[in-house]
Amino acid sequence: QVQLAESGGGLVQPGGSLRLSCVVSGSIFSINTMGWYRQAPGNQRELVASITRGGSTNYADSVKGRFTISIDVAKSTVYLQMNSLKPEDSAVYYCNGYSGRSNYWGQGTQVTVSS
């Protein structure tokens, strides 16, 4: 089993920045891809960014150039640095770990971008 715990959400003004963190514990050796997803009210959950064990990254077009996903292996933590935030980035952000057989999810952290 894998446990994921997100933190770092909050209220920020348009143009501001936030860094989300996801601490991974348990059978982390089984994970080959980590990702951040988000879900706004009335919308489906969508992929924001992902990173493979080999370091390859993938971003949604809407966040390219503004968001950066990274991993600190020593801390077993995945980060999502979010810059130049827009109101449409407001959502609950979820950390995801994929093992090839199972999907693991965190509890989510709320991000609200508003003046």
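Q: Just checking my understanding: could you explain the packing of aromatic side chains for this structure?
A: All chains considered together, the criterion is met by 2 aromatic pairs. With centroids separated by 5.0 Å and ring planes inclined at 70 degrees, the aromatic side chains of tyrosine 37 and tryptophan 105 adopt a geometry described as edge-to-face. Of this pair, tyrosine 37 sits in strand E4 (residues 33-39) while tryptophan 105 is found in strand E10 (residues 103-105), placing the two residues 68 residues apart along the sequence. For tyrosine 37, a relative accessible area of 22% puts it in the partly exposed group. Following the ring pairs from residue to residue traces out a cluster consisting of Tyr37, Tyr94 and Trp105. Over the face of the ring belonging to tyrosine 94 we find arginine 45, whose NZ or CZ atom lies 3.7 Å from the ring centre. Over the ring of tryptophan 105 we find arginine 45; its NZ or CZ atom is 4.6 Å from the centre of that ring.

Q: Please clarify how the state of the cysteines should be interpreted in this entry.
A: Joining two cysteines, a disulfide is a covalent bond between their sulfur atoms. Tallied over the full model, the rule gives 1 disulfide. The disulfide partner of cysteine 22 is cysteine 95, and the gap between their sulfur atoms is 2.1 Å. Of note, the bridge from cysteine 22 to cysteine 95 carries an S-S torsion of about -85 degrees and is left-handed in sense. Here cysteine 95 lies in strand E9 (residues 91-98) and cysteine 22 lies in strand E3 (residues 18-26), a separation of 73 residues in the sequence.

About the cut-offs
Each chain carries its own residue numbering, running from 1 in the direction its sequence is written. Two thresholds apply to this predicted model, a pLDDT of at least 70 for residue-level local features and 80 or more for giving and counting side-chain atom pairs, whereas whole-chain, interface and lining totals are computed over all residues. Excluded from the side-chain calculations are hydrogens and water; all other atoms, namely the structure's heavy atoms, are used. Ring pairs shown here join Phe, Tyr and Trp side chains whose ring centres sit within 6.5 Å, with only the six-membered ring taken for Trp; geometry is labelled stacked below 30 degrees between planes, edge-to-face above 60, and tilted in between. A run of H or I in DSSP counts as a helix once it spans at least four residues, and a run of E counts as a strand once it spans at least two, with each numbered from the N terminus. Think of it in three bands: with a 1.4 Å probe and only protein chains considered, a residue is buried below 20% of the maximum accessible area for its type, exposed above 50%, and partly exposed in between. Only Lys NZ and Arg CZ are tested; either one counts as a charge over a ring when it is within 6 Å of the ring centre and within 35 degrees of the ring normal. A pair of cysteine sulfur atoms is labelled a disulfide when the two atoms are within 2.5 Å.

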